Amino acid sequence: RHLLAAGDLGPARTAALAAAGDAVSHHERADHLLVAARASEAGDPFILEAVDALLRVARVMDARDLVLGFRPETSDDALRRDVLDAQTAYWTADFASVGPALEAAANRIDADEVPPDVEVVYRTMRARYFARVAWDPAAAIAEAERGYALALANDLPVADVLATLGSAAVVVGHPEWREWLERAVAAAESEELPAIGFVAADTLFMGELTRGDPQHCLAIADRTIAAARAAGATATVAQFRKNRILALGLVHGDSSALVGEARDILRMKINPRVREHAESQLVVA
């Protein structure tokens, strides 16, 4: 980092790559690859590898910055950039940029032979866009099923596409929503993609609360809080503690437990949405 700040890009990149090779966790490796990417030429495809590493540990803002600064020199790199542009725009809530990035990727996918791993991410992001931005869950399910079949055929990770399937299915009440989300949580654990697992667990919680068996909600919250603490995901801990008080209040009617939990959450540094939900439940209790 000192070399990068001093403008010694070559030595900074070399040192960062060496450190990444010695990293003992996905988080640490992503830290070092970010330094190496910032010390690389704007068209170096290694930058896209760094983006993948950052997304694996939910470092979405850093990943977005790298994508926006990347200048592809080949058609393959341009396609990967477009797909990652859509992916990072979605996860940083820049929804206005998701559609154009997917359209740019679609033009390349129609014209070229596409690596299966890139196409699976493309199909997954199209499905997420249809489900949560364009509000066309039927199209989302169809696109996600296409991506899931492609992932299975090529022995690729399936957690994200299963989570996307479940997310769209909850909206329309598709009978397999619970199965897809439970499989997404399990796949995320086996594929070492905790961030995807937490997203799937949150959707599963809300699905049980609104469409399924609300009695399952407290167990989902407790299980995910434990997993998030083990992963060091403090924002997810806060999110599911908020979910936990929803279960305590809306499902179990345990106002005394809710009051204590909500007051404890509100002492934490939490995002405005979590704070709003915790405050409203505290007032009701």
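Residues numbered from 1 in each chain as written. Predicted model: local features only at pLDDT ≥ 70, side-chain atom pairs only at ≥ 80, totals over all residues. Heavy atoms only, no water.

Enquirer: In this structure, what is going on with the overall build of the chain? I would like to understand it.
Expert: For the chain, the count of helices and strands is 16 helices and zero strands. Here the C-alpha atoms of the chain give a radius of gyration of 20 Å, agreeing with the 19 Å that 2.2 N^0.38 yields for 285 residues. When the 285 residues of the chain are sorted by exposure, 47% land in the buried category. Restricting the contact set of the chain to residue pairs at least 6 apart, pairs at least 24 apart contribute 54%. Separation between the mean location of the 29 positive side-chain charges and that of the 42 negative ones in the chain comes to 7 Å. (Helix = DSSP H or I, 4+ residues; strand = E, 2+ residues; numbered from the N terminus. Rg over C-alpha atoms; globule rule 2.2 N^0.38 Å. Buried < 20%, exposed > 50% of the residue type's maximum accessible area, 1.4 Å probe, protein only. Contact = heavy atoms within 4.5 Å. Lys, Arg positive; Asp, Glu negative; His and termini not counted. Charge placed at Lys NZ, Arg CZ, Asp CG, Glu CD.)

Enquirer: I would appreciate a short explanation of the nonpolar core in the present structure.
Expert: Nonpolar side chains tend to gather and get buried jointly when the protein is soluble and globular. Formed by 46 residues in total, the largest nonpolar core has its most connected members in Val-158, Leu-162, Leu-165 and Phe-205. For this core, the element with the most residues is helix H10 (residues 159-172), which contributes eight residues. Residues within four places of Val-158 in sequence aside, it is in contact with Tyr-148, Ala-151, Leu-152, Ala-187 and Glu-191. Core analysis: the next-biggest nonpolar cluster, separate from the first, contains 23 residues, Ala-16, Leu-48, Ala-53 and Leu-66 among them. (Core = buried A, V, L, I, M, F, W, Y, C linked by side-chain atoms within 4.5 Å.)

Enquirer: What should I look at first to understand the packing of helix H4 (residues 46-56) against helix H6 (residues 75-91) in this one?
Expert: Each pair of packed helices can be summarised by the angle the axes make with each other and by the distance between the axes. Two elements in contact, H4 and H6, have axes whose closest approach is 11 Å; the angle formed by their N-to-C orientations is 25°. Between H4 and H6, the angle falls in the class roughly parallel. When you trace H4 past H6, the crossing you get is left-handed. Contacts from Leu-48, Glu-49, Val-51, Asp-52 and Leu-55 in H4 reach Asp-77, Arg-80, Arg-81, Leu-84, Gln-87 and Thr-88 in H6. (Axes fitted to C-alpha atoms, helices over the stretch in contact; angles between N-to-C directions. Parallel < 35°, antiparallel > 145°, perpendicular 65-115°, else oblique. Left-handed = near helix turned anticlockwise from the far one by under 90°.)

Enquirer: Would you mind going over unusual backbone geometry with me for this structure?
Expert: A negative phi holds for most residues other than glycine; trans holds for most peptide bonds. Its identity is not glycine, yet Ala-58 carries a phi of approximately 60°, on the positive side. Relative to the helices and strands, Ala-58 is located in the loop between H4 and helix H5 (60-69). Under the relative-accessibility criterion, Ala-58 is labelled partly exposed at 42%. Even without being a glycine, Asp-155 presents a positive backbone phi close to 55°. Of note, Asp-155 is situated in the loop between helix H9 (137-153) and H10.

Honestly, it's all geometry; don't read function into it.
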